[in-house]
Structure formats: C-alpha cells, structure tokens
Amino acid sequence: AQSVAQPEDQVNVAEGNPLTVKCTYSVSGNPYLFWYVQYPNRGLQFLLKYITGDNLVKGSYGFEAEFNKSQTSFHLKKPSALVSDSALYFCAVRDVGNNDMRFGAGTRLTVKP
Amino acid sequence: SAVISQKPSRDICQRGTSLTIQCQVDSQVTMMFWYRQQPGQSLTLIATANQGSEATYESGFVIDKFPISRPNLTFSTLTVSNMSPEDSSIYLCSVVGATYNEQFFGPGTRLTVL
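Residues numbered from 1 in each chain as written. Chains lettered and ligands numbered in written order. Predicted model: local features only at pLDDT ≥ 70, side-chain atom pairs only at ≥ 80, totals over all residues. Heavy atoms only, no water.

What about the side chain of Arg70 of chain B?
Residues and elements named next belong to chain B. Note that Arg70 resides in strand E7 (residues 68-72). Within the structure, Arg70 has its side chain in polar contact with the backbone oxygen of Thr30 (distance 2.9 Å). Engagement of the side chain of Arg70 in a polar contact is seen with the backbone oxygen of Asn72, the distance being 3.3 Å. When sequence neighbours within four positions are dropped, the list of residues in contact with Arg70 reads Val29, Thr30, Met31, Met32, Ala49, Asn50, Gln51, Gly52, Phe75 and Ser76. (Helix = DSSP H or I, 4+ residues; strand = E, 2+ residues; numbered from the N terminus. Polar contact = N/O pair within 3.5 Å; in protein donor to acceptor, adjacent residues only side chain to side chain. Contact = heavy atoms within 4.5 Å.)

Considering the interface of chain B and chain A
The interface is formed by 19 residues belonging to chain B together with 22 residues belonging to chain A. Taking both partners together, chain B and chain A bury about 1,700 Å²; carbon and sulfur atoms supply 50% of that area. Counting across the interface, chain B meets chain A through 1 salt bridge. Across the pair Glu58 of chain B and Arg102 of chain A runs a salt bridge whose closest N-O atoms are separated by 2.8 Å. Linking chain B to chain A there are 6 residue pairs in polar contact (both at pLDDT 80 or more). Among the elements of the structure, strand E4 (32-37), strand E5 (43-49) and strand E10 (103-105) of chain B are those that each provide at least two residues to the side of chain B that touches chain A. Among the elements that take part in the side of chain B that touches chain A, E4 of chain B stands out by supplying 3 residues, more than any other. (Buried area = accessible area lost by both parts, 1.4 Å probe. Salt bridge = Lys/Arg side-chain N within 4 Å of Asp/Glu carboxyl O.)

Notes on the state of the cysteines
Taken as a whole and assessed by the stated rule, the structure comprises 2 disulfides over all chains. Note on cysteine connectivity: Cys23 of chain A is disulfide-linked to Cys91 of chain A, with sulfurs 1.9 Å apart. Taking the torsion about the sulfur-sulfur bond, which here is approximately -65°, the covalent link between Cys23 of chain A and Cys91 of chain A counts as left-handed. Remark: Cys91 of chain A occurs in strand E10 (residues 87-95) and Cys23 of chain A occurs in the loop between strand E3 (19-21) and strand E4 (24-26); sequence separation between them is 68 residues. Cys91 of chain A carries the same exposure label as Cys23 of chain A, and that label is buried. Each sulfur in the disulfide pair Cys23 of chain B and Cys93 of chain B lies 1.9 Å from the other. Measuring handedness by torsion sign, the sulfur bridge of Cys23 of chain B and Cys93 of chain B sits at about -65° and is left-handed. (Disulfide = S-S within 2.5 Å. Buried < 20%, exposed > 50% of the residue type's maximum accessible area, 1.4 Å probe, protein only.)

Okay, here's the thing in structure tokens:
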C-alpha cells in the first residue's frame, strides 16, 4: 500500500525567503504525487502533480516541486514566500493501479512579514 | 475540473442521531471517495463509493456506521449513524477527474456532535 510522510508539522519562514515543505513517499510501483493546500475554513485546493516526465513540476501560485526517485521525495518549493502562502499543505500519493489517494499528515506553513 | 457541492456545509447534531451528507458533482465521474478530516489534521479515507454496488470501506470503517449510497455517476451520500462526539469532524467528498491524474475535493461538511 502507498504511504506518504511529511516530517515537519510546522515550517516558519520570513516573507521573501525561499521555502521548502518536505515530503517522502512509499509505493510499490510508480507513483502519482500531488500537493494540495488548505486555507483556514476552506476546502483542499490542488497545487501541482507529478505523473511522469520532467522531475521539476511547476504549479499554482509560483510553487514547484521536484520529484526525486532515488530519495523517494517530492519536496514543495517556492523561491520567495508570501505572507498569503501561510496555510496547511498536504502531500499525497497514488500508486499506479490503485484508485485512492493517501495523504501525509500535513505541514503548517507560516510566513512572517 | 470537476465542481463538487456538499450539503449541508455544517451541522450540529445530538448524540445518538444520524446525519446524511450529500455530494453532487457537475459531471459524470467514475471514482468517488469519502474522507474524514479532523480540523487541522490529515485526511483519512473512509470508503470508495461504488456506483451500483456496495461501497468499499477502509480499515476501521464499517457500513453500519457509515452507510454510503451512489445511485448514479454524479451523486453520493454518506450517513454518519448513531453519532457520538468522536464523530465530530469534517467530511469531504472527492472525485477523480476524467484523466485519472487529478483528484478534486468538495468544500466539506463540518459536523459537530454534542
């Protein structure tokens, strides 16, 4: 069964600094990897996905993620953080051939002015 | 992308009662799921809603407690039965997009059980 880990439950960065939110995964086959963001009292919003192809994936709001097969990681990054990026971020994985998606525990990102 | 609506958006219920949550999608979808999320925490898959057959439940979830219906490809219901305060949570409907590579989520139903 697939699983995903987000080792940090909290990440704090200053506005304008680069940010990284970490994610590692475990699947039996090739993974489909996703990042979602959840703002307070809001639903989940899709940010980006990796299915195949280039290891660097660009998504919404200036976010990007790098798929690293050898390290089984899919870290979320942004070159310059905004205060409005403060939210809860979830990494998710679906194993090719499975129907459901498994989520990490979530990382709360706080960007301070 | 799929647009998903859920009813009710929130409810406060008494212990021992049941609540049925509706999920409506604006297009026909093959895969529909129900998740539970404690506020500020991760999502846990409850079950896969199968059209025309019984739902497939994850470990720790049973049909008697969370009966699910899926009469067609655009609609599903989740019932939380004989509720207790431990059932207080956000319940999310989710569907897989036509390309199978994207998964979309409804706005959620925030349930509080007193």
